[in-house]
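Listed here are the chains, written in short residue letters.
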Amino acid sequence: IGFADSGFYLDVEDSDAPKRFLVAAIGQNGTHMLNQRCLENYTGAEQKCLMGVIAAGYLATPLYLWQSRYDSNQEYECWNNRQCFLDYGKNITFWINATVLSKPSNGAFIDSCTRHCPSGM
């Protein structure tokens, strides 16, 4: 079983740019750790395979996810906009249910704390 803590990112524009460095040949070139089918489906946009909402569809190993609805590392999507913040929490919950929890071998604990990884608790 795989365990993911606070890594479930939605595919939103602001998350995309920072992830490009992780897959760029002149960056960290982390493509070898990503699912090959995902990379083939996202040629030229390999950073998409780092987004939890996309990567979850390619998982073969059972996964247990621990994710905050209000991940402090993803708050930049909604600076000073409470409704956006609440909607983001609903969206991430929806997509975890639609992707990770759509497979019976997976599980998740989704809390409502504003945190990112255990250090943010």
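Residues numbered from 1 in each chain as written. Predicted model: local features only at pLDDT ≥ 70, side-chain atom pairs only at ≥ 80, totals over all residues. Heavy atoms only, no water.

Attention now goes to the sheet that holds strand 1 (residues 2-5). Judged by pairing direction, the sheet is parallel, and its three strands sit side by side in the order 1-2-3 without closing on themselves. Each edge of the sheet is formed by a strand with only one pairing partner; in this case those strands are strand 1 and strand 3 (107-111). Between one strand and the next, the sheet's axes are offset by a mean angle of 10°, whatever the strand orientation. Alignment of strand 1 against strand 2 (residues 63-68), held across four bridges, turns out to be parallel. The residue of strand 2 that forms the bridge with Ala4 is Leu65. Strands strand 2 and strand 3 of the sheet are contacted by helix 4 (residues 82-98), whose axis makes an angle of about 175° with strand 2. (Pairing = 2+ DSSP bridges. Helix = DSSP H or I, 4+ residues; strand = E, 2+ residues; numbered from the N terminus. Axes fitted to C-alpha atoms, helices over the stretch in contact; angles between N-to-C directions. Contact = heavy atoms within 4.5 Å.)

What follows concerns helix 4. Helix length check: helix 4, at 17 residues, gives a terminal C-alpha distance of 24 Å against a target of 24 Å (1.5 Å per residue), a fit within 8%. Looking only at helix 4, the buried set comprises Tyr88, Gly89, Ile92, Thr93 and Ile96. For helix 4, the arc enclosing every buried residue in end-on projection is 130°, short of the 170-degree limit, so these residues lie on one face. Where helix 4 is buried, its residues touch strand 2 and strand 3. A distance of 3.3 Å separates the backbone nitrogen of Gln83 from a side-chain oxygen at the start of helix 4, and that oxygen is part of Asn81. (Expected span 1.5 Å × (residues − 1). Buried < 20%, exposed > 50% of the residue type's maximum accessible area, 1.4 Å probe, protein only. Arc of directions from axis to C-beta. Polar contact = N/O pair within 3.5 Å; in protein donor to acceptor, adjacent residues only side chain to side chain.)

For the rest of this paragraph, the subject is helix 1 (residues 13-23). If you check which residues of helix 1 are buried, you get Ser15, Asp16, Lys19 and Val23. An end-on view of helix 1 places all buried positions within 100° of arc, on one side of the element.

Without other data, these values stay purely geometric and don't point to any function.
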